[in-house]
Each structure stands twice: as C-alpha cells, then as structure tokens.
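Structural characterization, general
Listed below, chain by chain, are the residues.
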Amino acid sequence: MTKKFLLNLINILALAFLLSACQKEEVVSLNGKTMGTTYHIKYIDEGKAKLNSEQIYQGIEAILQDVNAKMSTYIPDSELSLFNKNPEVNTPIEVSADLARVVAEAIELNQITQGALDVTVGPVVNLWGFGPEKRVEKAPTAEQIAERKAWVGIEKVKLTQKNDKFFLTKSVPQLYIDLSSIAKGFGVDKVADYIAEQGITHYLVEIGGEIRANGHNAENKAWQIAIEKPTFDGTRSVSQVIGLQDFAMATSGDYRNYFEQDGKRFSHEIDPKTCQPIQHNLASITVLSKSSMTADGLSTGLFVLGAEKALEVAEQYNLPIYLTVKTTQGFENKMSSKFAEILSTQKK
C-alpha cells in the first residue's frame, strides 16, 4: 500500500466520520385522538426506519381504529358491543385473536388482584354513571345494585380456543364486558410493537396516560416520566420522576372522575365485590411492567384493593408499584421493594 493511497484512505474515513457526526438524530412527534382520549408518540429517527413519519402515523391510526372497533363499549357495533348485546347463554361466540388476548389477560389479572380487577363489572359501572349510559347525579338504590350484581363475576365468562379460533361464552344473558381498564394499555403495546417493527429502537408511546418506552431519549437518557401528585383543586404537581427504559407504566386514581351527592364523593372505581365505589385512602397507584396492558389492568385492580392489600400483592408477585395515600397530614408516598430497587439503580 503506497503512502499516497494510505493518506487518501485516511482522509476519506475522516470525512465520513465528520459527516456522520454532523447528522443529528431527529426526534419525531406524532399526536392524535383515540378511545375518548389523546395519544402522544415520540421516537428517534436514526435514518434506519423502514417507513417515513407520515406512513408510520397512518399505520398507528389504523391500529388504534382497529382496537377501538374491537373493544370499545361506546361504539354500538364494535366486536365487544355485539358480544355484550348477544343474549345467548352457554353458546360459544367466535371472537378475534386480539379480543381473546385482552380477555385472557383480564382473567389472569383477576386472579392476581384477588378479584379486584373484574371486566364484567360494566353493568354496575354504567349504573353508577361512569360508562356509556347516561351520567347520574345520585347514587343508585340498593335494589338496582342487587339486580346488576347478579350479572357480575369473571366466572360468568369462559374463553376457549379450538385450533386457531377463539370463543367467548356467557352464562347469563346480561353479561357485559368492559375493557376500559385494560384496552388502552393493549393499544399502547400494539403501537409500540408496530414502531419497533419499523426498525425504530428509541421510542415512547402514551395513550391517555398509559405509557411504554424503549431505548433512550434525545439526551441519551432513559425517558423521564413524572408521576403526578394527586390534588383535588385541579392543579398539577410532580410526586416522583422515574427514568422509563424498556418498561411500561400505568397510573390509576380517584381524584378526577367522580360525582358528589350530599357532600359525599363517589369514585369511578367500583369494587366488584361490593358493587360500590371504593372508599379507602389510596389516592393513586402507579405500576411498572414490561407490558402496558398488564400495567394498565394491574393499576386498576390494585387501586381497588387499597394501599395495604396492594402492597401485599406487589410483594407476593415482585411487582414495582408506587402509591400516594391520603392521610390527615396530607399525602404520603409508599413503594414496593421492586419499585425501590428500580429507583435506586437510576440514582447511582
């Protein structure tokens, strides 16, 4: 190799290095509306994506429309709505693989949360005015609650599979499945998986507060996510910031969605066992998981259980959870051992 050739090669490599160093990673932001809320997506375009941002946006919109068409209780002809309206009992009804997957997760999380997450509680949720039926201004009567309580119970729905087909069976004609506690998380997972399939490594997907993040942000750090401090006056403040990397996060609380009657606050979170709004001092709970669907469902179920029981379950299953509890002195924060472990590794 001649000195001249070697010098030219070094110059070419140096120029290539300079050009690559000058190419900045582009942060792409995509926003929209879905499932009665909004979504916000950020990803870092390193020039390796299979599709451009407009094509990715269109793909995301199609995915979310499909999830809505399968699982919304607000769309009269959605797959789930049609199942809910079907009065046939003990008759397997074929459903999509997506709907079956979410119901299967809901059944599993029902066991983990000791029955506190129950997607069949929809008739009672509607009775209290927190579903597709009209908003109420007063609590239902004991007789109304007792009637609908007879329709509730995860054991009243059966999920089966034959070859590559899935079937749902109801044991009472009034059985009504409401996946609002888990469907947004499923939507986040579907979108996150789609983005990853396009060759994108660093991204954050958020739908209505349910989040999944992978890789790092533009500052080459884990995506910084603030856990909100609950307030009752409409103001917003931060309770804790966590770096979310290769994790999903979901938060449940009772400090926004409620109605009042005779000075008493009725939460939108219904305890399936009593069919009454929860009445405990847990203000909010945040759950971390690899799956947004799992985090979404767990946050609802563990919130219904209350702080003490939620922490017991979290320690039993090694779940990372962060709680804000109402006390006479204000708000107190608690966390499971796994959450504390994750937090401590980020502070090193």
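Let us look at the structure shown here. (Residues numbered from 1 in each chain as written. Predicted model: local features only at pLDDT ≥ 70, side-chain atom pairs only at ≥ 80, totals over all residues. Heavy atoms only, no water.)

Attention shifts here to the sheet that holds strand β17 (residues 330–335). Spatially, the eight strands line up as an open sheet ordered β1-β2-β6-β7-β10-β15-β16-β17, and their pairing is antiparallel. Looking at which strands have only one partner, the edges of the open sheet turn out to be β1 (26–34) and β17. For this sheet, the mean angle separating the axes of adjacent strands, direction not counted, is 10 degrees. With five bridges joining them, strand β2 (residues 37–45) and strand β6 (residues 203–207) adopt antiparallel strand pairing. Looking across to β6, one finds that lysine 42 is bridged to leucine 204. Sheet strands touched by helix α2 (residues 53–71): β1, β2 and β6. Its angle to β1, the strand with the most contacts, is close to 30 degrees. Strand contacts of helix α9 (residues 307–317): β15 (282–289), β16 (321–327) and β17, with the helix running at about 165 degrees to β16, the strand carrying the most contacts. (Pairing = 2+ DSSP bridges. Helix = DSSP H or I, 4+ residues; strand = E, 2+ residues; numbered from the N terminus. Axes fitted to C-alpha atoms, helices over the stretch in contact; angles between N-to-C directions. Contact = heavy atoms within 4.5 Å.)

The geometry of two aromatic rings is summed up by the distance between their centres and the angle between their planes. Counting across every chain of the model gives one aromatic pair. A centroid spacing of 5.3 Å and a plane angle of 40 degrees characterise the contact between tyrosine 322 and phenylalanine 339, whose relative ring orientation is tilted. Remark: phenylalanine 339 occurs in helix α10 (residues 337–347) and tyrosine 322 occurs in strand β16; sequence separation between them is 17 residues. Taken individually, tyrosine 322 and phenylalanine 339 each receive the classification buried, so the pair is uniform in this respect. If you follow lysine 170 out to its NZ or CZ, it ends over the ring of phenylalanine 83, 4.7 Å from the centre. (Phe/Tyr/Trp six-rings, centres within 6.5 Å; stacked < 30°, edge-to-face > 60°. Buried < 20%, exposed > 50% of the residue type's maximum accessible area, 1.4 Å probe, protein only. Lys NZ or Arg CZ within 6 Å of the ring centre and 35° of its normal.)

A separate point is the side chain of glutamate 206. If you trace the backbone, glutamate 206 turns up in strand β6. Buried charge glutamate 206 goes without a salt bridge, the closest partner of opposite sign being lysine 184 at 9.0 Å. A polar side-chain atom of glutamate 206 sits 2.8 Å from a polar atom in the side chain of histidine 40. Polar side-chain contacts of glutamate 206 include one of 3.2 Å to the backbone nitrogen of glycine 208. (Lys, Arg positive; Asp, Glu negative; His and termini not counted. Salt bridge = Lys/Arg side-chain N within 4 Å of Asp/Glu carboxyl O. Polar contact = N/O pair within 3.5 Å; in protein donor to acceptor, adjacent residues only side chain to side chain.)

This part takes up the nonpolar core. Formed by 63 residues in total, the largest nonpolar core has its most connected members in Ile60, Leu179, Leu302 and Ile321. Taken together, domain 1 (26–70 + 187–347) and domain 2 (74–170) each give at least three residues to this core, which thus spans both. Excluding residues within four positions of it along the chain, isoleucine 60 makes contact with Leu30, Tyr39, Ile41, Val191, Tyr194 and Ile195. (Core = buried A, V, L, I, M, F, W, Y, C linked by side-chain atoms within 4.5 Å. Domains from an automatic or database assignment.)

Attention shifts here to the environment of isoleucine 60. Secondary-structure assignment places isoleucine 60 in helix α2. For the pair isoleucine 60 and glycine 32, spaced 28 residues apart in sequence, the C-alpha to C-alpha distance is 9.6 Å.

Once that is clear, we can look at the pattern of salt bridges. All told, the structure shown has eight salt bridges when counted by the stated rule. One salt bridge connects lysine 70 with aspartate 98, and the closest N-O pair in it is separated by 3.0 Å. Highlighted residues: lysine 70 in helix α2 and aspartate 98 in helix α4 (residues 97–112), separated in sequence by 28 residues. Considered together, lysine 70 and aspartate 98 belong to a single accessibility category, that of buried residues.

Looking now at helix α7 (residues 183–197). Along an α-helix, residues three or four positions apart point the same way, because every turn accommodates 3.6 residues. Taking 1.5 Å per residue as the helical rise, α7 with its 15 residues ought to reach 21 Å, and the 21 Å between its terminal C-alpha atoms agrees with that figure. α7 sits mainly inside the fold: 11 of its 15 residues count as buried. Those residues of α7 that fall on the buried side of the exposure criterion are Ala183, Lys184, Gly185, Phe186, Gly187, Val188, Asp189, Val191, Ala192, Tyr194 and Ile195. Packed against the buried residues of α7 are β2, α2, α4, β6, β7 (210–214) and α8 (292–305). Among the residues trailing α7, glycine 199 stands out with phi positive, at a value near 90 degrees. (Expected span 1.5 Å × (residues − 1).)

Let's shift gears to α8. Counted at 1.5 Å a residue, the expected span for α8 with its 14 residues is 20 Å, and the 20 Å between its end C-alpha atoms agrees. Counting buried residues along α8, 14 of its 14 residues qualify, which places the element largely inside the surrounding structure. The backbone nitrogen of methionine 293 lies 3.2 Å from a side-chain oxygen of the residue at the head of α8, namely serine 291. Looking at the residues trailing α8, positive phi occurs at glycine 306, about 95 degrees.

On the basis of which strands lie adjacent, the open sheet formed by three strands has the order β3-β5-β4 and antiparallel pairing. The strands lining the two open edges of the sheet, one partner per strand, are β3 (93–95) and β4 (157–162). Within the sheet, the average angular offset between the axes of one strand and its neighbour, ignoring direction, is 35 degrees. Alignment of β4 against strand β5 (residues 165–170), held across six bridges, turns out to be antiparallel. Paired with valine 157 across the strands is lysine 170, a residue of β5.

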